[in-house]
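# Descriptive analysis of the structure
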Amino acid sequence: MSDEQTTFNLDPSDIPTAWFNIMPSIVQAGMQPMPPLHPGTMQPIGPDDLAPLFPMALIAQEVSTAEWIDIPCEVIDIYKIWRPTPLVRATRLEKALDTPAKIFFKYEGGSPAGSHKPNTAVPQAYYNKEAGIARIATETGAGQWGSSIAMACKFFGLEALVFMVRASYDQKPYRRMFMETFGAECRPSPSTTTNSGKAILAEHPDSTGSLGIAISEAVEVAATHEDTSYALGSVLNHVLLHQTVIGLEAQKQLTMAEVDPDIIIGCVGGGSNFGGVSYPFMADKLSGKKDYRFIAVEPAACPTLTKGTFAYDYGDTAQLAPIVQMYTLGHDFVPAPVHAGGLRYHGDAPSLSLLVHEGHIEARAYGQNAVFEAAVQFAQTQGIVPAPEPAHAIRAAIDEAILCRESGEEKTILFNLCGHGLLDMAAYDDYSNGRLPEMEYDPAAETEALKTLPVVPS
Ligand SMILES: Cc1ncc(COP(=O)(O)O)c(C=O)c1O
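Here the structure is a predicted model, which means the values were calculated and not measured.

### So, the overall build of the protein
- A tally of regular secondary structure across the protein gives 20 helices and 15 strands.
- Taking 458 residues into account, the globule formula puts the C-alpha radius of gyration at 23 Å, and the protein, at 20 Å, falls close to it.
- Once the C-alpha set of the protein is aligned to its principal axes, its extents read approximately 60 × 50 × 45 Å.
- When each of the 458 residues of the protein is scored for burial, the buried share is 62%.
- For the protein, restricting intrachain contacts to residue pairs at least 6 apart in sequence, the fraction spanning at least 24 positions comes to 77%.
- A total accessible area of about 16,900 Å² is found for the protein, and carbon and sulfur atoms account for 52% of it.

Next comes the structure, spelled out in structure tokens:
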């Protein structure tokens, strides 16, 4: 029996008591985040413009210049159900790869919904409850976010209405059932219940949907119902902020393991798990204290960071959501229905986009067969079946570890295993039986979608 420690656990008293806000570090490093614009006026958006969609406490976090924001006790009490999450050294994977690299992963799959998404669903539901809101409308891609908001709403006595991207609704019926178990209403998107959904269906009756379309439907419901707020599972500053509990805990655990990572890796849909694990480390890189490498990984079917354009674009398909500066494939772009439904978003978080644009983060894209090959190797060595989304991060971690084998370098790699894949087994079945098409994106569809970028006043 080896006495080598492979799991690094914290006490409940180690759960962070404040979230870390990267925005001051970005500004201090000389970068200039551009303000979000109102989709109607194209002018910088103010708190009052956002008030029909979000409670004021979240709007304040969205524009906050404070480095630390206290986490309410009520939220920490619920975090204690699954936090702190473990940091694990993947020694069995290292052995299988015959690499001198040390591979660590932070495991967020032990949360009730099975991913990192409850880290922000709980505070979002909490602040909505405090503001007297009765219902939250939202979108979900893979179903992980919808599951998380369903649970969080139930905990705080709110109703939840979830528009689930059609491709995922069909691929993952157990996610719908999970949401319904918590009392949420789940509709396939595009739906016939909103103007945005009806407009898409009129043009594309067989639409597989996209996060951009589902966001439009949820925003429309929130904007037209006084008692309903909108909640977003990624992209916005306050969402990435809430996810920094991941990186803050990981910093303590890596100190326990007596290592400092050379490379930090996460998958990117809208950027929240990537920002969550990496931003506490990014602050040290931006201030010149440390020299970490960051790798953001996305699907080849939706290559926002690697093939997109850095520009102002709408956050949703129907042009109802704020316009933000980000990498985008165009808000009309509908990615192929790959199994990593949580990564099928045309844009990315503005903070993450800026950091990629300024060269602080590398980005890469993989096709789904290479991703599932890595996922299966990980499952067979470490015993955890990963969700298709973090399997992208695993692919990159394995590739970096193989490079270490070739160069003989003993690098330390940290990646975020942001969700389990136990409700994604149909995807594994497709992979194992050779039914997984290698879905590359269509550059012509991107060119077409980019024609509809908003023309913003300079
Ligand atoms: C398991 C999982 N990982 C990653 C993502 C991508 O989102 P983000 O980039 O915000 O972490 C999702 C989104 O639904 C998800 O469900």
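More follows now that the structure is in view.
### Focus: the environment of Ala66
- Checked against the element boundaries, Ala66 lands in the loop between α3 (56–62) and β3 (68–70).
- Overall, Ala66 belongs to the partly exposed group, its relative accessible area being 33%.
- Spatially, the C-alpha atom of Ala66 lies 8.8 Å from that of Phe20, the residues being 46 residues apart in sequence.
- Filtering out sequence-adjacent residues up to four positions away, Ala66 remains in contact with Asn21 and Pro24.

### Some points on the sheet that holds strand β11 (residues 293–299)
- Read from one edge of the open sheet, 7 strands run β1-β4-β5-β15-β10-β11-β14, paired in mixed fashion. The open sheet has two edge strands with one neighbour each: β1 (7–8) and β14 (362–366).
- One ladder, built from 3 bridges, connects strand β10 (residues 263–267) with strand β15 (residues 412–417); its direction is parallel. Note on β15: the bridge partner recorded for Ile263 is Ile413.
- Strands β1, β4 (87–89), β5 (102–107) and β15 of the sheet are contacted by helix α13 (residues 245–256), whose axis makes an angle of about 140° with β5.

### Side note on the pattern of salt bridges
- Counted according to the given criterion, the structure contains 22 salt bridges.
- Two residues, Glu400 and Arg293, come together in a salt bridge whose shortest N-O distance is 3.2 Å. One end of the pair, Glu400, is in helix α18 (residues 388–407); the other, Arg293, is in strand β11, and 107 residues separate them in sequence.
- Of the charged contacts in the structure, one is a salt bridge between Asp430 and Arg435, with a shortest N-O distance of 3.0 Å.
- For Asp430, a relative accessible area of 18% corresponds to the buried category.
- It is possible to trace a salt-bridge network through shared partners that takes in Arg83, Lys106, Glu108 and Glu249.

### Some points on the packing of helix α17 (residues 368–382) against helix α19 (residues 425–432)
- The N-to-C vectors of α17 and α19 enclose an angle of 105°; their axes lie 10 Å apart at closest approach. For the element pair α17 / α19, the angle class is roughly perpendicular. On α19, the residues touching Asn369, Phe372, Glu373, Ala375 and Val376 of α17 are Ala427, Tyr428 and Tyr431.
- For the contact of α17 with α19, the residue count by class is 6 nonpolar, 1 polar and 1 charged.

### Comments concerning the site of the ligand
- Close to the ligand lie 16 residues; Ser234, Gly269, Gly271, Ser272 and Asn273 are nearest.
- The contact in question runs from an oxygen atom of the ligand to an N or O atom on the side chain of Lys117, over 3.2 Å.
- At 3.0 Å, a backbone N or O of Gly270 approaches an oxygen atom of the ligand.
- Taking 390 Å² as the accessible area of the ligand by itself, protein coverage stands at 97%.

### So, helix α9 (residues 173–181)
- Buried within α9 we find Arg175, Phe178 and Met179. Take α9 and look down its axis: the buried residues cluster within an arc of 95°, on one side only. Of the exposed residues in α9, the ones pointing more than 90 degrees away from its buried face are Tyr174 and Thr181.
- Elements in contact with the buried residues of α9: β6 (135–140), α7 (144–155), β7 (159–165) and β8 (185–189).
- Looking one or two residues past α9, Gly183 carries a phi angle of roughly 85°, positive in sign.

Rules behind the numbers
The written sequence of each chain sets the order in which its residues are numbered from 1. In keeping with the predicted nature of the model, local features appear solely for residues at pLDDT of at least 70, side-chain atom pairs appear and are counted solely at 80 or more, and the whole-chain, interface and lining totals rest on all residues. The side-chain values count all of the structure's non-hydrogen atoms but skip hydrogen atoms and water molecules. By the criteria applied, helices consist of DSSP H or I runs no shorter than four residues and strands consist of E runs no shorter than two, each listed in order from the N terminus. Radius of gyration here is computed from C-alpha atoms only, and the compact-globule reference equals 2.2 Å multiplied by the residue count raised to the power 0.38. Relative accessible area decides the class of each residue, using a 1.4 Å probe on protein chains only: under 20% of the type maximum gives buried, over 50% gives exposed, and in between gives partly exposed. Contact between two residues is taken to exist if any of their heavy atoms lie within 4.5 Å; hydrogens are not considered. Using a 1.4 Å probe, the Shrake-Rupley method yields the accessible areas, and only the shown protein chains count as cover for residues. A pair of strands is considered paired only if DSSP assigns at least 2 bridges between the two. Each axis is a line fitted through C-alpha atoms, and for a helix only the stretch in contact is used; angles between axes span 0 to 180 degrees, taken between their N-to-C directions. When a carboxyl oxygen of Asp or Glu lies within 4 Å of a side-chain nitrogen of Lys or Arg, that pair is called a salt bridge. Each angle is binned into one of four classes, with values under 35 degrees roughly parallel, values over 145 roughly antiparallel, values of 65 to 115 roughly perpendicular, and all other values oblique. Under this grouping Gly is polar, as are all residues other than the nonpolar Ala, Val, Leu, Ile, Met, Phe, Trp, Tyr, Cys and Pro and the charged Asp, Glu, Lys and Arg. Nearness is defined per residue: one heavy atom within 4 Å of the molecule or strand is enough. Distance and chemistry together define a polar contact, namely a pair of N or O atoms within 3.5 Å, with one atom able to donate a hydrogen and the other to accept it when in protein, and with adjacent residues in sequence counting only for side-chain atoms on both sides. When we speak of the arc, we mean the arc of directions from the helix axis to the C-beta atoms.

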